Amino acid sequence: MKSTLTHTAPAKPAPPGPLEAFERFEKRAGHAGPPWLRALRTSGISYFGELGFPAAHHEDWRFTTPSVLAERAYAPAPRPDVQIPGVASLSLVPDGELEAHRLVFVDGHFAPRLSRVLPLEPEQVVTNLREALEFQSSLVESFLGRAARHETSAFAALNTAFLEDGAFVYLPAGRELAAPVHLLFVSSQPGVVSHPRVLVVARAGARAQVIEEYVSLGEQAGFTNAVTEIAAGPGAQVEHVRLQRENGASLHVGTVEARQYKDSRVLSHSVSTGARLARHNIHLRFEEPGCEGVLNGLYTGAGDQLVDHHTIADHRSPHCQSHEFYHGILSGRSRGVFNGRIYVRQDAQKTDAKQTNRNLLLSNEATVYTKPQLEIWADDVKCTHGATVGQLDENAVFYLRSRGIGEARARRMLIGAFASETIGRIGVEALRARLDETLQAWLAEELAAPGPLPLPHPPGLTT
Amino acid sequence: MTPLLEINQLNATVEGRQILKGLSLTVHAGEVHAIMGPNGSGKSTLASILSGRPGYEVTGGSAALDGEDLLGMKPEDRARKGLFLAFQYPVEIPGVNSTYFLKAALNEVRKARGLPELDALEFLEFIKAKMKVLELDPSLLNRPVNEGFSGGEKKRNEIFQMAILEPRLAILDETDSGLDIDALRIVAEGVNRLRKPDNAQVVITHYQRLLDYIVPDYVHVLHDGRIVKSGGKELAYELERRGYDWLTSEARPVSPELTTA
Ligand SMILES: Nc1ncnc2c1ncn2[C@@H]1O[C@H](COP(=O)(O)OP(=O)(O)OP(=O)(O)O)[C@@H](O)[C@H]1O
Ligand SMILES: [Mg+2]
C-alpha cells in the first residue's frame with residue numbers, strides 16, 4: 001500500500017525566462033485587480049520557481065516532452081490589435097446554431113465587441129474574469145485558486161502567476177443557467193503565450209453547461225496554458241466541454257480541476273483535435289458522498305501531432321461513481337497518450353469506478369501509450385478498467401462493402417461510429433452535429449491524403 | 001443467352017490451403033439453385049470468393065456475372081452490379097445505425113443503376129412495405145446494424161437487406177440456420193416474393209426443409225471443393241434420406257486432387 005500520492009517533479013531549477021517575464025508582467029499588470037490577487041500570483045510564481053518545468057524523465061511527462069514547452073516564450077501576449085473577422089468563421093458552432101452566452105478572448109484578453117451575454121436571472125454571473133475581479137472581488141476570492149492546485153503543477157502555477165483574464169460563471173443555489181456558456185479562445189499572435197483562467201461555481205442544486213473552445217488565427221505557433229476550476233455544490237450539475245482545435249503548430253496545455261460536493265455531477269468532455277502538442281490534465285475530486293463524475297473524451301492525431309490526456313478521478317468520499325470513456329483515433333506518425341488514474345481513498349467505500357480507453361490506429365507509424373493507474377486504499381469498491389489499441393474490424397469493412405458502400409466510405413462510417421460513441425455523450429446537440437460533421441470531413445481527407453485536421457481559414461483576414 | 005452467373009473450373013486457396021478444386025456452376029436468370037454439402041466442403045468459401053471477401057486467392061478458373069469478370073472487381077462494385085450475399089454469420093457493426101446504413105447502401109446501388117437517390121422520407125416509405133413482408137420489428141432499425149440482434153433477427157435482417165437492394169443474383173448462405181419454424185416460413189416467403197424472371201437465387205443449405213419453401217430448379221452437391229452431383233429438387237430428398245456418403249465415396253476415385261495432402 002502506498003502512503004503518499006505525489007504528482008510533483010523533483011525540483012529542477014526554473015529557467016530564468018518565466019521569472020523575468022513575471023517581473024515585467026508585475027510592472028505592467030501587477031497593480032491591477034485586488035490586493036489578494038497579487039498575493040495569489042506571487043504564490044503562483046514562487047511555486048513555479050520551486051517546481052520548474054517538469055523534467056523529461058518525470059513519470060507524468062514521459063511522453064510529452066516538456067522541454068518543447070519550456071523553450072517557448074512565457075510572457076503573456078499584450079492586448080492584440082488584430083481585427084478578428086468574427087466568431088462565426090472561427091467557431092465550430094456558428095451563432096445561429098447555438099443560443100449561448102458567448103465570451104470571446106483573443107490571446108487571453110477579453111474581446112467585448114465579439115461577446116454577448118444573454119439575459120440572466122438575479123445573482124447569476126457570466127462575465128470575464130478581469131471584470132469580476134474588479135466588481136465582485138470578494139466573491140471571486142472565495143473560489144479562485146481553490147480547485148486548481150498550483151502548488152503541485154508547474155503549468156497551473158504559471159497560469160496563476162500570470163492570471164489576468166478569463167471567464168467567471170457563478171450560479172446561486174437552485175438556479176439553472178438556461179443557455180450554455182460558450183467561451184472562445186482565439187490565439188492570434190505567434191510566439192506568445194496566453195494563460196486564460198476559467199472559474200465555474202455552481203452552488204447547491206444549480207446547473208450549467210460550459211463550452212470552452214480553443215482556436216488559432218492563421219498557421220503560426222501559439223502557446224496556450226489554460227486552467228479551469230469548477231466547484232460543484234451539493235446536488236449541482238456542471239457539464240463542461242473542452243474543444244481544442246488550435247492549428248497544427250501550436251502548443252497547448254489545458255488543466256481542468258473540479259471539486260465536487262454532496263450528490264453533485266460533473267460531466268467533463270475533452271475533444272482534442274488540434275495543436276502539435278496538446279497536454280490535458282483533467283481531475284475530478286469527490287469531496288463528499290454521492291458524487292458522480294463523467295470523464296469523456298475523444299482525441300485525434302495526424303502528421304506529427306502528440307495528444308496527451310492525464311486524468312484523475314479522485315474518490316475521497318463514499319458512494320461516488322466515476323465513469324470514464326476516452327477514444328483515440330491516430331493516423332500518420334501521431335502519438336496518443338492516455339493515463340487514467342483512479343484514486344480510491346480509505347474512506348471512499350462503495351466506490352464505483354469504470355474506465356475505458358479505446359484507440360484506433362489508422363497507420364502503421366501511429367502509436368499510443370495507454371496506462372490505467374488504479375490506487376485503491378478502500379476495500380469495498382468496484383473498479384474496472386480496460387484499454388484497447390487496434391485497427392478497424394476488417395469483417396465489418398467487408399460487410400459494408402458487400403452492400404455497395406465504397407471502401408473509403410465504409411471506413412469513415414466505422415471510424416465515425418467509434419468517435420460518435422464519445423461525441424454522443426455531449427449534451428449540446430448543435431455541438432454534437434458539428435463535431436460529427438468535422439470528423440467526417442477530417443477522415444475523408446485523412447484516409448485520402450494524411451495530414452493534420454484542417455482548420456478553416458477565416459474569410460477576409462489580412463495578415 | 002448469357003448466363004447470369006458462370007463459374008468455370010474455379011480453384012482457390014485460403015492461407016495456402018486449397019479449398020476450391022475446379023468448381024463449375026452455371027446459373028441463368030429466373031432460376032433457383034440449391035447447394036448442399038457436408039461441413040467444410042467449401043460452400044461459404046465459394047460465397048465469399050464470389051462476393052470478394054479479402055483473404056482468398058483464386059489460383060485458377062473464372063467467374064462472371066452477366067458475362068463480366070467478377071473476380072477482378074471490388075466487393076462494392078459487385079454489389080452495385082447486383083450481387084448479394086446473405087451471410088452465414090452476419091457481422092455486428094457497433095455504432096452504425098441500421099437505417100443510415102441501409103439508406104447509404106440503397107443509394108449506392110441506385111446510383112450504379114442510374115436511378116435517382118432517395119431522400120430520407122422516400123427511403124422510409126420505400127422500406128415500410130418490405131419490413132411488413134418480413135415481419136421485422138421496426139425498432140431494430142433504430143439500433144446499430146446487427147448489434148445485439150438475436151441469431152434469427154440477424155438472418156431475417158439479411159433477407160430484409162436483400163429485399164431493399166433487389167439484387168440480380170442473391171446467394172443465401174445457410175439463411176435457414178437459427179430460424180424458428182415460423183420465421184423460416186416468413187423469410188422463405190420473403191425470398192420467393194423477390195423472385196423475378198430477370199434474377200436468380202443460389203441457396204446454400206443443409207436441410208431439405210428449406211427447399212419445401214424455396215423450391216429449387218436445381219440441386220448441387222458440393223464436396224471437397226467441387227460439385228460432385230447435380231439434379232432436380234428430388235436430389236435434396238435423396239440426400240436427406242441417404243446422407244452424403246454414397247456420393248463422396250463415389251466421387252473420391254474420380255478426383256485426383258484428393259490425393260494432395
Ligand atoms: N480463413 C480461413 N482460414 C483457414 N481455413 C479456412 C478459412 N476459411 C475457410 N477455411 C477452411 O476451408 C474449408 C471450407 O470452409 P467453408 O466455410 O467454405 O465450409 P462450408 O462448406 O461453408 O461449411 P459449413 O457447412 O460448416 O458452413 C474448411 O475446412 C475451413 O476450415
Ligand atoms: Mg458455411
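1. Points about the sheet that holds strand β1 (residues 5–14) of chain B
Residues and elements named next belong to chain B. The antiparallel open sheet is built from 4 strands, whose spatial order is β2-β1-β4-β5. Since the sheet does not close on itself, it has two edges, and those belong to β2 (17–27) and β5 (68–69), each with one partner. Strand direction decides the pairing type here: β1 and β2, joined by 8 bridges, are antiparallel. Counterpart to I7 in the pairing with β2 is L25. Along the sheet face, helix α1 (residues 43–51) touches β1, β2 and β4 (56–65) and points at about 110° away from the line of β1.

2. Some details on the pattern of salt bridges
For the structure shown, the criterion picks out 44 salt bridges over all chains. Between R316 of chain A and E287 of chain A there is a salt bridge, and its shortest N-O distance comes to 3.7 Å. Here E287 of chain A lies in the loop between β13 (277–286) and β14 (292–301) and R316 of chain A lies in the loop between β15 (306–315) and β16 (321–330), a separation of 29 residues in the sequence. Across the pair R242 of chain B and E238 of chain B runs a salt bridge whose closest N-O atoms are separated by 2.9 Å. Of the two residues, R242 of chain B and E238 of chain B are both situated in helix α8 (residues 234–242); the distance of 4 residues between them amounts to about one turn of the helix. Connected via shared salt-bridge partners are R259, R285, E287, D314, R316 and R345 of chain A.

3. What to know about the site of ligand 1
All names here are of chain B. Residues in close proximity to ligand 1 total 16 residues, the closest being G40, K43, S44, T45 and H206. In this structure, an oxygen atom belonging to ligand 1 sits 2.8 Å away from a main-chain N or O atom of S44. A distance of 2.5 Å separates an oxygen atom of ligand 1 from a polar side-chain atom of T45. A total of 640 Å² of accessible area belongs to ligand 1 in isolation, and the protein chains cover 68% of it. For the shell around ligand 1, the secondary structure elements donating two or more residues are β2 and α1. When the residues that make up the shell around ligand 1 are grouped by side-chain class, the tally is 4 nonpolar, 8 polar and 4 charged.

4. So, unusual backbone geometry
If a residue is not glycine, its phi is most likely negative; likewise, a peptide bond is most likely trans. In the Ramachandran plot, E15 of chain B falls in the positive-phi region, its phi being about 45° despite a non-glycine side chain. Here E15 of chain B shows up in the loop between β1 and β2.

5. Some thoughts on the coordination of the magnesium ion (ligand 2)
All names here are of chain B. Protein coordination at the magnesium ion (ligand 2): the donors are S44 (OG) and Q88 (OE1), at 2.0 to 2.2 Å from the metal. You can see S44 sitting in helix α1 and its partner Q88 sitting in the loop between β6 (83–86) and α3 (98–112), a full 44 residues away along the chain. Residue class for Q88 comes out buried when judged on its relative accessible area of 16%.

6. Topic: the side chain of S363 of chain A
Residue and element names in this part refer to chain A. Locating S363 in the fold gives a position in the loop between β18 (352–361) and β19 (367–376). Classification of S363 as buried rests on a relative accessible area of 18%. Among the polar contacts listed, one links the side chain of S363 to the backbone oxygen of G332, at a separation of 2.5 Å. In terms of polar contacts, S363 uses its side chain to reach the backbone amide nitrogen of E365, at 3.2 Å. Discounting residues that sit within four places of it in the chain, S363 has contacts with L330, S331 and G332.

7. Concerning the confidence of the model for chain A
Note that predicted coordinates carrying low pLDDT should not be read in detail. Residue and element names in this part refer to chain A. Considering every residue of chain A, the mean pLDDT works out to 89; 90% of them sit at 70 or more. Every residue in residues 1–14 is under pLDDT 50, and counting partners more than four places away or in other chains gives 34 contacts. With pLDDT under 50 throughout, residues 451–463 is counted as low confidence; its partners more than four residues away or in other chains account for 27 contacts.

8. Focus on the sheet that holds β6 of chain B
Within a beta sheet, neighbouring strands are joined by backbone hydrogen bonds and run either parallel or antiparallel to one another. Residue and element names in this part refer to chain B. Taken in spatial order, the 6 strands make up an open sheet running β6-β7-β8-β3-β9-β10, and their pairing is mixed. Two strands bound the open sheet, and with one partner strand each, they are β6 and β10 (226–231). Put simply, the sheet's adjacent strands are angled 20° from each other on average, direction ignored. Across 5 bridges, strand β7 (residues 169–173) lies against strand β8 (residues 200–204) in parallel orientation. For L172, the partnering residue across the bridge sits in β8 and is V203. Docked against the sheet, α8 engages β3 (32–36), β9 (218–223) and β10, running at close to 45° with respect to β9.

9. Remarks on the environment of A167 of chain A
With respect to the helices and strands, A167 of chain A occurs in strand β4 (residues 166–171). When the C-alpha positions of A167 of chain A and F22 of chain A are compared, they lie 22 Å apart, and in sequence the two are 145 residues distant.

10. Thoughts on the packing of α3 of chain B against helix α4 (residues 120–133) of chain B
Residues and elements named next belong to chain B. α4 packs onto α3 with a crossing angle of 95° between their chain directions and a minimal axis gap of 11 Å. For the element pair α3 / α4, the angle class is roughly perpendicular. Where α3 abuts α4, its residues T99, L102, K103 and L106 lie against A120, F123, L124 and F126.

11. Observations regarding the side chain of D314 of chain A
Residue and element names in this part refer to chain A. Along the chain, the position of D314 falls in strand β15. Engagement of the side chain of D314 in a polar contact is seen with the side chain of R316, the distance being 2.7 Å. Those residues within four positions of D314 in sequence are excluded, and the remaining contacts are L284, R285, F286, Y343 and R345.

12. Considering the packing of aromatic side chains
Two descriptors summarise a pair of aromatic rings, namely the distance from one centre to the other and the angle between the planes of the rings. Residue and element names in this part refer to chain A. The final tally for this structure, using the stated rule, is 15 aromatic pairs over all chains. Plain terms: the ring middles of F105 and F110 are 5.5 Å apart, the flat faces sit at 50° to each other, and that makes the pair tilted. For F105, a relative accessible area of 0% corresponds to the buried category. With a relative accessible area of 16%, F110 lands in the buried category. Here the aromatic rings of F105 and F185 are separated by 4.9 Å at their centres, their planes lie at 15°, and the arrangement is stacked.

13. Considerations on the interface of chain A and chain B
Across the boundary between the two partners, chain A contributes 17 residues, which contact 30 residues of chain B. In terms of surface lost to chain B, no three residues of chain A exceed F398, Y399 and R403 of chain A, which account for 40% of the buried area on that side. Summed over the shared surface of chain A and chain B, the number is 3 salt bridges. For R409 of chain A, the salt bridge is made with E108 of chain B, and the minimal N-O distance between the two is 3.0 Å. At the level of secondary structure, the elements contributing two or more residues to the side of chain A that touches chain B comprise α8 (394–401) and α9 (407–423) of chain A. Looking at the side of chain A that touches chain B, the element that brings in the most residues is α8 of chain A, giving 6 residues.

14. Overview of α9 of chain A
For α9 of chain A, which comprises 17 residues, the first-to-last C-alpha distance of 24 Å matches the rise-based estimate of 24 Å (1.5 Å per residue) to within 8%. Residues of α9 of chain A that are buried: A410, R411, M413, L414, I415, G416, A417, F418, A419, T422 and I423 of chain A. At its buried positions, α9 of chain A is contacted by β14, β16, β18, α8 and α10 (429–448) of chain A together with α3 of chain B.

15. Brief notes about the pairing of strand β10 (residues 237–244) of chain A
In the case of a regular strand, side chains alternate between the two sheet surfaces. Residue and element names in this part refer to chain A. Buried residues dominate β10, accounting for 8 of its 8 residues. By the alternation rule, side chains of β10 split into Q237, E239, V241 and L243 and V238, H240, R242 and Q244, which are all buried. The sheet contact formed by strand β8 (residues 207–216) and β10 spans 8 bridges and is parallel. For E213, the partnering residue across the bridge sits in β10 and is L243.

Reading the values: the criteria
- Numbering of residues starts from 1 in each chain and follows the order in which that chain's sequence is written.
- Going through the entries in the order they are written, you letter the chains from A and number the ligands from 1.
- Where local features are concerned, this predicted model is filtered to residues with pLDDT of at least 70; where side-chain atom pairs are given and counted, the filter is 80 or more; whole-chain, interface and lining totals use all residues.
- In computing side-chain properties, one takes all heavy atoms of the structure into account and sets aside hydrogens as well as water.
- We call two strands paired when DSSP finds no fewer than two bridges between them.
- Each helix is a run of DSSP H or I of at least 4 residues and each strand a run of E of at least 2, with the numbering of both proceeding from the N terminus.
- The contact criterion used is simple: two residues touch if any of their non-hydrogen atoms lie within 4.5 Å.
- As a rule, the C-alpha atoms of each element are fitted with a line to give its axis, helices using only the stretch in contact, and angles between N-to-C directions run from 0 to 180 degrees.
- In what follows, salt bridge is the name for a side-chain nitrogen of Lys or Arg lying within 4 Å of a carboxyl oxygen of Asp or Glu.
- When at least one non-hydrogen atom of a residue lies within 4 Å of a molecule or strand, that residue is treated as near it.
- Within 3.5 Å is the distance limit for a polar contact, defined as a pair of N or O atoms, with the added protein rule that one can donate a hydrogen and the other accept it, and that residues adjacent in sequence qualify only through two side-chain atoms.
- Computed with a 1.4 Å probe, the accessible areas rest on the Shrake-Rupley method; for each residue, only the protein chains presented here act as cover.
- All residues other than Ala, Val, Leu, Ile, Met, Phe, Trp, Tyr, Cys, Pro, Asp, Glu, Lys and Arg, Gly among them, are scored as polar; the first ten of these are nonpolar and the last four charged.
- Shown as donors are all N, O and S atoms within 2.8 Å of a metal ion, widened to 3.2 Å for Na, K and Ca; because water is not in the atom set, sites may appear incomplete.
- Each residue is assigned to one of three classes by its accessible area relative to the maximum for its type, calculated with a 1.4 Å probe on protein chains only: buried under 20%, partly exposed between the two thresholds, exposed over 50%.
- Residue-level confidence of the predictor is summarised by pLDDT, bounded by 0 at the bottom and 100 at the top.
- For classification purposes, an angle smaller than 35 degrees is called roughly parallel, one larger than 145 roughly antiparallel, one from 65 to 115 roughly perpendicular, and anything else oblique.
- Any Phe, Tyr or Trp ring, taking Trp's six-membered ring, that has another such ring centre within 6.5 Å forms a pair; planes under 30 degrees apart are called stacked, those over 60 apart edge-to-face, and the others tilted.
- Summed over both partners, the accessible area lost on bringing two parts together, with a 1.4 Å probe, is the buried area.
- The length a helix should cover is 1.5 Å for every residue beyond the first.

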